[in-house]
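# Observations on the model geometry
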Amino acid sequence: MGTTLAPMDVLWEHRCSGRPLPEQCFVDAGGRTTRDPHAASSAIVVGDHRCLALPLLIQP
């Protein structure tokens, strides 16, 4: 299960095609959001509605 806003394969696909990344999904080495696939160094971890039920699954 992924916990990032966009899976890392999106980064690899956009690096190969040269297309800009989705907004607010990746950050550069300085922690600033970027749409440049060659400047992106990591994906942003989910903090919105996508992980709403995750704590319910983990808690006893």
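Going along each chain's sequence as written, the residues are numbered from 1 onward. Local features in this predicted model are restricted to residues whose pLDDT is 70 or higher, and side-chain atom pairs enter the listing and the counts only when it is 80 or higher, whereas totals over whole chains, interfaces and linings include all residues. Water and hydrogen atoms were dropped before computing side-chain values, which therefore reflect all heavy atoms in the structure.

### Considerations on the overall build of the protein chain
For the protein chain, the helix and strand inventory stands at two helices and two strands. Each helix corresponds to a stretch of at least 4 residues labelled H or I by DSSP, and each strand to a stretch of at least 2 residues labelled E; elements are numbered beginning at the N terminus. In the protein chain, the order of α-helices and β-strands from amino to carboxyl end is α-β-β-α. Burial status across the protein chain gives 23% buried among its 60 residues. Within the protein chain, contacts between residues at least 6 apart in sequence are counted, and of these 25% link residues at least 24 apart. Burial here depends on accessible area, computed with a 1.4 Å probe over protein chains only, as a share of the maximum for the residue type. Under 20% is buried, over 50% is exposed, and the range in between is partly exposed. Here, residues are in contact when the closest pair of their heavy atoms is within 4.5 Å.

### Comments concerning helix α1 (residues 8-17)
Three or more residues of α1 are buried, namely Val10, Leu11 and His14. For α1, the angular spread of the buried residues around the axis is 100°, confining them to a single face. Structurally, α1 contributes buried residues whose contacts are with β1 (26-28) and β2 (40-43). Following α1 by one or two positions, Gly18 adopts a phi angle in the positive range, close to 80°. Directions from the helix axis toward the C-beta atoms define the arc.

### Description of the side chain of Asp28
You can see Asp28 is positioned in strand β1. Excluding residues within four positions of it along the chain, Asp28 makes contact with Thr34, Ala39, Ala40 and Ser41.

### Concerning the nonpolar core
Within the largest apolar cluster, eight residues are counted, these being Ala6, Val10, Leu11, Leu21, Cys25, Phe26, Ala40 and Ala43. Put simply, the parts of the chain that give this core at least two residues each are α1 and β2. Residue contacts for Val10: discarding those within four places in its chain leaves Leu21, Pro22 and Phe26. Take the buried residues of types Ala, Val, Leu, Ile, Met, Phe, Trp, Tyr and Cys, join any two whose side-chain atoms come within 4.5 Å, and each joined set is a nonpolar core.

### A closer look at the environment of Thr4
With respect to the helices, strands and loops of the structure, Thr4 is situated in the segment before α1. In the structure, Thr4 is positioned 42 residues away from Val46 in sequence and 4.8 Å away in space, judged by C-alpha atoms. In contact with Thr4, other than residues within four places in its own chain, are Ala43, Ile44, Val45 and Val46.

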